[in-house]
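Tertiary structure, described
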Amino acid sequence: MKRILLITTLILLFFSISTFSGCVSEDQQEPGVYDNESETTFYAGQELTPIAEQRNNAIQGTQYIDRESYRLQVDGLVENPMEFSYEEIKALPRTSKVVDLDCVEGWGFTGKWTGVKIADLFEEVGVMENVSTVIFYSADGYSTALELDYLLENDIILAYGLNDVTLPPERGFPLQLVAESKYGYKWAKWIVRIELSDSEYRGYWEERGYNNRADVGGPAFER
Ligand SMILES: Nc1nc2c(c(=O)[nH]1)N[C@H]1C(S)=C(S)[C@@H](COP(=O)(O)O)O[C@H]1N2
Ligand SMILES: [Mo]
């Protein structure tokens, strides 16, 4: 009889502790909820990859950028070099689309990306006639470049939203380039500066031998 009482007490104790600890860790992020925003995992008939399942192999790990002091610098061959605050970028017309990110190493994921068209941003600064290349610089020292025509013809966007939540720090807050049909190394995260140029440019991985065209399905390396 005493034994049964002891076992019952232990079981009750176990459950009360596990319930209690569930309350204590309430401030921890639940999967799919970021800053009180709930993630979408299905959109326009397509299954999206939950953010928790997306990888982060960035060269210097996650960058944490302050929303208030953040400025996106747009310069180079433009009529008016400008700096945009986070709010100013979000005030521009917004677009959403489902796009796959394919890393050159063979893994990938599908996201619903929301942001501003590069074309709308460039409208503000005025692109000079001789511009051929657009260079993206990131807070971690990363950089990459794409052709101006590719960015304009494909309505390429700078995303501040992913799966209907604000782009989390590990995914590139405040901005990631959605370089659709290009390998992941063209998808710059934590963008702080965009330079418009008239010459070819090789970014961090391109300088190390990766193909500057970076077409998904195409060759990973050059030479
Ligand atoms: N700033 C920055 N952007 C970056 C990278 C990086 O290291 N730094 N890695 C690129 C690579 S190789 C890929 S595949 C995509 C997605 O990688 P992730 O999982 O590291 O986000 O981000 C790209 N953008
Ligand atoms: Mo990658």
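Anything mentioned here points back to the structure above.
All values derive from a computational prediction rather than experimental measurement.

1. Quick word on the layout of surface pockets
Put simply, the largest pocket is a space of about 470 Å³. Residue lining of the largest pocket: 23 residues in total, with N57, Y142, G184, Y185 and W205 positioned closest to the centre. The residue makeup of the lining of the largest pocket, split by class, is 14 nonpolar, four polar and five charged. The space that makes up the second largest pocket amounts to roughly 280 Å³. Around the second largest pocket, the lining comprises 14 residues; the ones closest to its centre are A145, L146, E147, N212 and R213.

2. Quick word on the pattern of salt bridges
Counted according to the given criterion, the structure contains ten salt bridges. Across the salt bridge formed by K186 and E206, the nearest N and O atoms sit 2.8 Å from each other. Within this pair, whereas K186 is found in the loop between β13 (176–178) and β14 (191–197), its partner E206 is found in the segment after β14, the two being separated by 20 residues in sequence. The exposure classification of K186 matches that of E206, with both residues buried.

3. So, the side chain of N163
Residue position: N163 is located in the loop between β11 (157–162) and β12 (165–166). Looking at N163, its side chain comes within polar contact range of the main-chain oxygen of T49, at 3.0 Å. Once residues lying within four places of it in the same chain are set aside, the contact partners of N163 are S38, E39, T40, L48, T49, P50, I51, Q54, G111 and K112.

Analysis parameters
Residues numbered from 1 in each chain as written. Chains lettered and ligands numbered in written order. Predicted model: local features only at pLDDT ≥ 70, side-chain atom pairs only at ≥ 80, totals over all residues. Heavy atoms only, no water. 1 Å grid on protein atoms, 1.4 Å probe; cavity = no way out; pocket = protein on both sides within 12 Å on 5 of 7 lines; lining within 4 Å. Points joined across faces, edges and corners; volume = space filled by probe spheres on them. Nonpolar A, V, L, I, M, F, W, Y, C, P; charged D, E, K, R; others polar. Salt bridge = Lys/Arg side-chain N within 4 Å of Asp/Glu carboxyl O. Helix = DSSP H or I, 4+ residues; strand = E, 2+ residues; numbered from the N terminus. Buried < 20%, exposed > 50% of the residue type's maximum accessible area, 1.4 Å probe, protein only. Polar contact = N/O pair within 3.5 Å; in protein donor to acceptor, adjacent residues only side chain to side chain. Contact = heavy atoms within 4.5 Å.

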